[in-house]
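Observations on the three-dimensional arrangement
Given next are the chains, with one letter for each unit.
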Amino acid sequence: MTTDLDTFRADTRAWLDANCPPEMREPVRSEKDAVWGGRDQSALTPAQKQWMDAMGQRGWTVPDWPTEYGGGGLSAAETKVLREEMARIRARNPLNSFGISMLGPALLKYGTEEQKKRFLPEIARGEIRWCQGYSEPNAGSDLASLATSAEDKGDHFLVNGQKVWTSYADKADWIFCLVRTDRTNKHNGISFVLFDMASEGVSTKPILLISGYSPFCETFFDNVKVPKENLVGELNKGWDVAKYLLGHEREMISGMGLGGTGAKNPLVEVAKRSVGTGDDGQLADPLLRAQLALFDVRAKAFAAQSERFIDELKAGRAHPAQPSMMKYYGTELNKTRYELLMSAGGSDELEWESEASDGGREARAWLRTKANSIEGGTSEVQLNIIAKRILELPS
Amino acid sequence: MPLFLNDEQTMLRDTAKDFVTEHAPVSHMRALRDAKDATGFSRDLWKQFADMGFTGILIGEDAGGLGLGHVEAGVVLEEIGRNLSPSPFLTTAVAAVEALKGTAQADRWFPGILAGETVAALAIDEGAKHRSSVGMKAERSGNGFRLTGAKQFVTHGHVADLLIVAARTAGSPDDDAGVTLFAVPRDAAGLTATPERLADASLAARIAFDGVEVDADAVIGEVDAGRDPLSRLLRAGRTGAAAEMLGVGGGAMDMTVGYLKDRKQFGVAIGSFQALQHRAAHLYSEMEVARAAVLKAQQLLDAGDEKADQAVSVAKAMTGLATTLAVQEGVQMHGGIGMTDEYDIGFYMKSGRVLAEMFGDANFHADLLAKTAGY
């Protein structure tokens with residue numbers, strides 16, 4: 001018996017076969033391979049652009065968003081089929097976007113109809129690249145102590161202050177930003193606003209990290225005018241929006257725990273190259289092999305947990321604080337993966353600039369993972385949340 | 001299929017939870033232990049399991065069972081684990097049933113299993129650590145075979161009506177071919193089962209086969225092709241043991257989190273201390289990941305998916321790691337009282353250790369995964 005879902009699967013398979021360029025079925029090798037969209041699309045290859053546009057026009061960059069906001073309007077079951085069919089041909093994610101993974105869900109829940117109609121379709125099509133203005137020099141784990149101010153000037157807010165660790169602020173078109181609208185009330189004095197990074201008074205300064213890259217910026221606001229209609233949710237109720245969005249950010253970051261569960265395990269490939277294999281095909285270093293094998297258990301189990309979490313989320317059955325658990329586990333797993341990768345690769349992977357190492361690609365990625373358990377709320381903050389909200393331990 | 005229990009499975013879980021909690025809570029196990037019970041479980045309880053339909057979960061409807069799957073069997077096993085209920089459910093209604101399913105032996109043994117009268121035990125292990133190799137000899141003799149050798153860690157082996165025995169009819173211990181699986185009645189001449197009390201108070205037999213004669217119809221499946229039914233047995237047994245461990249680890253964790261809320265030191269609940277909160281939250285995360293791994297394995301097994309074997313090893317290894325953490329954290333966070341026999345948390349530690357070892361520990365399954373993945 002052919003069900004509707006079978007038909008959907010067959011149609012999806014045919015469409016993907018026809019529309020996913022061969023280059024977009026190759027593994028993502030570096031930051032350059034990731035497509036972020038935005039106003040400036042000059043850095044995209046023709047295949048990247050074609051794949052993003054094809055998926056964007058179909059709404060499949062955001063398959064489960066409603067069609068009126070640029071989404072695919074798919075059910076949870078159909079979305080799962082789409083993901084399975086994309087995985088089958090190893091199709092790359094057509095569009096990485098904080099708009100999709102963070103702002104979109106928050107706008108769907110808290111945005112006005114005008115805001116949804118205005119911002120969501122251009123996120124779905126990859127036309128606007130967003131960044132997140134959350135952390136400040138004196139508001140890290142204690143995010144709600146943020147001080148960037150938004151003064152009510154009648155038809156607009158006047159924003160002054162500084163954000164830090166703003167991912168890709170120098171490349172982003174718009175920012176979703178937490179601002180203080182009431183100094184007398186810590187949590188209930190925060191508002192959530194959106195504004196164009198091209199606005200007068202916005203400036204960014206990339207921060208050089210231990211990886212040698214600068215994915216994060218300091219972001220400065222000097223009398224930036226933000227129209228009142230760009231307030232999301234109620235005035236002074238931005239913390240609710242912020243927390244909801246953080247849940248989605250944590251989901252996104254937890255996805256980093258999923259690397260290396262595909263058919264070809266890059267960890268094993270690196271290890272085979274550097275330590276060799278015996279007559280039985282096993283890695284010649286038995287202790288390294290044991291470490292990789294035990295890591296594999298956790299990585300595969302976490303892949304199952306990610307699937308379970310998404311299924312529960314779509315069905316409205318997930319504990320609201322479960323993203324904290326996913327974020328904690330996924331990021332710690334990813335750090336372990338890269339420690340093992342460096343150990344497996346030995347001195348080959350220590351090269352920082354050579355052609356053989358692709359400019360120290362893995363070494364830089366290894367160092368980048370160290371931020372995974374800091375950004376979006378540290379591992380320790382996630383453990384606090386799990387303890388209090390899920391296990392209901394006393395404060 | 002979404003990776004959570006459907007409505008029917010949730011109802012079965014609630015039924016199993018109520019039943020096991022009422023009829024076989026931890027105090028039931030403690031009473032059997034204190035009485036130095038020689039059977040190792042309650043036969044009345046096994047009957048009640050049958051009355052509830054549990055023993056027929058994996059038996060097809062055409063044979064009088066419920067025709068359900070490993071998810072449903074796992075739901076019952078988790079409650080058995082959570083209550084540390086001594087029961088032949090895993091060896092009999094899960095592992096043995098899967099080995100016998102579709103073979104000529106099914107008609108003979110399924111009625112007794114459905115009725116809660118028959119108990120089966122698994123004579124697989126030949127050394128202290130579970131291995132894939134099978135060395136015990138079965139030589140052709142007259143119309144049948146003669147079995148010679150020894151098996152160990154045979155839970156319920158001293159009281160079982162039926163022993164499922166893996167033996168070698170051809171080749172050498174590590175060969176895949178040449179293994180034959182036998183259904184041997186425990187009262188067969190030349191078979192000696194010596195029960196040994198384990199750390200968790202359960203009884204597992206060392207079994208000596210001294211030229212045990214069996215007819216040709218004792219063969220499960222085909223001669224020399226016993227890897228097929230043995231694989232079915234092990235897939236079911238490993239997944240089932242993983243589900244039972246989820247119950248053990250989850251039970252230990254819940255007990256411990258409860259203790260953190262109740263126990264006061266320095267004038268406050270010790271669960272308010274961040275050092276303990278973080279350990280409990282980490283444990284919760286490990287148990288959640290283990291739970292997903294188990295459900296994934298069960299669903300793939302039920303779907304007959306070719307990736308099931310890998311998922312089964314992940315499930316058995318991951319629950320072994322997570323549950324071992326759960327019981328250790330349990331005793332540590334209970335402090336001194338956790339070391340006392342009077343308190344139940346120690347039982348969880350013992351049971352978790354036995355289940356972690358059964359059908360291969362985390363290292364065994366990690367090694368299997370690595371071999372399958374080509375390293």
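Quick caveat, the model's predicted, so the values are computed rather than measured. (Residues numbered from 1 in each chain as written. Chains lettered and ligands numbered in written order. Predicted model: local features only at pLDDT ≥ 70, side-chain atom pairs only at ≥ 80, totals over all residues.)

1. Observations regarding the overall build of chain B
- When helices and strands are counted, chain B shows eleven helices and ten strands.
- Over its C-alpha atoms chain B spans a radius of gyration of 21 Å, differing by no more than 12% from the 21 Å that the globule rule assigns to 375 residues.
- With the C-alpha coordinates of chain B rotated into their principal frame, the extents come out at 75 × 50 × 40 Å.
- Across the 375 residues that make up chain B, the buried fraction comes to 56%.
- In chain B, of all internal contacts separated by at least 6 residues, the share reaching a separation of at least 24 is 75%. (Helix = DSSP H or I, 4+ residues; strand = E, 2+ residues; numbered from the N terminus. Rg over C-alpha atoms; globule rule 2.2 N^0.38 Å. Buried ≥ 20, exposed ≤ 12 C-beta atoms within 10 Å, placed from the backbone. Contact = placed C-beta atoms within 7 Å.)

2. Things to note about the overall build of chain A
- A tally of regular secondary structure across chain A gives eleven helices and eight strands.
- Here the C-alpha atoms of chain A give a radius of gyration of 22 Å, agreeing with the 21 Å that 2.2 N^0.38 yields for 395 residues.
- Within chain A, buried positions represent 43% of all 395 residues.
- Considering only intrachain contacts with a sequence separation of at least 6, the fraction spanning at least 24 residues in chain A is 70%.

3. Here's the deal with the UniProt feature "domain: Acyl-CoA oxidase/dehydrogenase middle" (unreviewed entry) in chain A
- UniProt marks residues 131-224 of chain A with the feature "domain: Acyl-CoA oxidase/dehydrogenase middle" (unreviewed entry), using the numbering shown here.
- With 0% helix and 51% strand, residues 131-224 of chain A has its two end C-alpha atoms placed 16 Å apart. (UniProt positions renumbered as here; feature names shortened; annotations may be inferred.)

4. Some points on the UniProt feature "domain: Acyl-CoA dehydrogenase/oxidase N-terminal" (unreviewed entry) in chain A
- Feature annotation in UniProt assigns "domain: Acyl-CoA dehydrogenase/oxidase N-terminal" (unreviewed entry) to the following positions: residues 8-127 of chain A.
- A distance of 28 Å separates the end C-alpha atoms of residues 8-127 of chain A, which is 52% helix and 0% strand.

5. A short note on the interface of chain A and chain B
- Taken together, the contact between chain A and chain B spans 37 residues of the former and 34 residues of the latter.
- Mapped onto the side of chain A that touches chain B, the elements with two or more residues apiece are α7 (266-275), α8 (286-314), α9 (322-345) and α11 (379-390) of chain A.
- By residue class, the composition of the side of chain A that touches chain B is 20 nonpolar, six polar and eleven charged. (Nonpolar A, V, L, I, M, F, W, Y, C, P; charged D, E, K, R; others polar.)

6. Let's talk about the domain arrangement of chain A
Residue and element names in this part refer to chain A.
- Each assigned domain of chain A is listed with its residue range as follows: domain 1 (4-124), domain 2 (130-236) and domain 3 (241-390).
- Using C-alpha coordinates to define each centre, domain 1 is positioned 27 Å away from domain 2.
- Counting residues at the interface gives eleven residues for domain 1, matched by eight residues for domain 2.
- When residues in the side of domain 1 that touches domain 2 are grouped by element, the largest group, seven residues, is from helix α4 (residues 98-110).
- Looking at the side of domain 1 that touches domain 2, its residues break down into six nonpolar, four polar and one charged. (Domains from an automatic or database assignment.)

7. Concerning the nonpolar core
- Counting residues in each nonpolar core, the largest one holds 163 residues, and the members touching the most others are Ile164(B), Phe182(B), Ala293(B), Ala297(B) and Met318(B).
- Here this core gets 16 residues from one element, more than from any other, and that element is helix α7 (residues 227-262) of chain B.
- Those residues in contact with Phe182(B) that sit more than four places away from it in its chain are Ala138(B), Leu147(B), Val165(B), Ala167(B), Val214(B), Ala218(B), Val219(B) and Ile220(B).
- The next biggest cluster of nonpolar side chains, apart from the first, holds 63 residues, and it includes Met55(A), Tyr69(A), Leu107(A) and Leu194(A). (Core = buried A, V, L, I, M, F, W, Y, C linked by C-beta atoms within 7 Å.)

8. Structural notes on the UniProt feature "domain: Acyl-CoA dehydrogenase/oxidase C-terminal" (unreviewed entry) in chain B
- Mapped onto this structure's residue numbering, the UniProt feature "domain: Acyl-CoA dehydrogenase/oxidase C-terminal" (unreviewed entry) falls at residues 232-372 of chain B.
- A distance of 18 Å separates the end C-alpha atoms of residues 232-372 of chain B, which is 79% helix and 3% strand.

9. Concerning the pairing of strand β1 (residues 120-123) of chain B
Residue and element names in this part refer to chain B.
- Here β1 shows a buried face lined by Ala 120 and Leu 122 and a second buried face lined by Ala 121 and Ala 123.
- Sheet analysis places β1 next to strand β4 (residues 162-168), joined by four bridges and oriented parallel. In the strand pairing of β4, Leu 122 is matched with Ile 164. (Pairing = 2+ DSSP bridges.)

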